[in-house]
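# Secondary and tertiary structure notes
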Amino acid sequence: DFVVAALFHDVGKCNVPEHILRKRARLTPEEYAVVKLHPQDSATILQPMYGERIARIALMHHERMDGSGYPRGLKGEAIPMEARILMVADSFDAMTSNRGYNQVMSHEAAAAEIVEKDQLYDPMVAGVLQQLVLSGKTKEASQDIME
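Definitions and limits used
- Residues numbered from 1 in each chain as written.
- Predicted model: local features only at pLDDT ≥ 70, side-chain atom pairs only at ≥ 80, totals over all residues.
- Heavy atoms only, no water.
- Salt bridge = Lys/Arg side-chain N within 4 Å of Asp/Glu carboxyl O.
- Helix = DSSP H or I, 4+ residues; strand = E, 2+ residues; numbered from the N terminus.
- Buried < 20%, exposed > 50% of the residue type's maximum accessible area, 1.4 Å probe, protein only.
- 1 Å grid on protein atoms, 1.4 Å probe; cavity = no way out; pocket = protein on both sides within 12 Å on 5 of 7 lines; lining within 4 Å.
- Points joined across faces, edges and corners; volume = space filled by probe spheres on them.
- Nonpolar A, V, L, I, M, F, W, Y, C, P; charged D, E, K, R; others polar.

### Quick word on the pattern of salt bridges
What the rule picks out here adds up to eight salt bridges. The salt bridge partner of Arg-53 is Asp-1, with a shortest N-O separation of 2.6 Å. In this pair, Arg-53 sits in helix α5 (residues 52-59) while Asp-1 sits in the segment before α1 (2-8), placing the two residues 52 residues apart along the sequence. Here Asp-1 falls in the exposed class, since its relative accessible area comes to 56%. The residue Arg-53 makes a salt bridge to Glu-82 at a minimum N-O spacing of 2.5 Å. Placement of the pair is Arg-53 in helix α5 and Glu-82 in helix α6 (residues 81-96), with a sequence separation of 29 residues. The network of salt bridges with shared partners includes Asp-1, Arg-53 and Glu-82.

Below, the structure written as structure tokens:
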């Protein structure tokens, strides 16, 4: 179940206009409001085919432990563990991939930043990510994907 949610969590971005997705400058508040709709759109798309559990994970992948995330502003234990794992993985991917609008970080720097922001990310999940990075497993996985 989790793998399906992880693979398709951003499918709702198909409803975000391409000029917003490809924008290299900071988004306007109006553009950001459109982007913030994608978790709900992902859940709506995934639910009929994959069920409520998958849809719920996709819906909550931008929630944050302190309640500052979206779309519902959930906090802590109200966010399912699968969504907490996906939020860390998604953030790590965004920080270490060239998105055109970001400064690409090393795996080590990104993991350290995620661990440091324990008000946003589940500390246990962030700690596991850091262990994977320090062991070299994330670089191995990146190389496997590129081959």
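Having put the structure on the table, let's press on.
### Brief notes about the layout of surface pockets
Taken as a whole, the largest pocket holds about 1,000 Å³ of empty space. As for the largest pocket, its lining consists of 27 residues, and the residues nearest its centre are Tyr-32, His-62, Tyr-70, Ala-94 and Tyr-101. Counting residues per element, the ones that place at least two in the lining of the largest pocket are α2 (18-21), α3 (29-35) and α6. Among the elements that line the lining of the largest pocket, the one with the most residues is α6, at four residues. Per-class residue counts for the lining of the largest pocket are twelve nonpolar, seven polar and eight charged.

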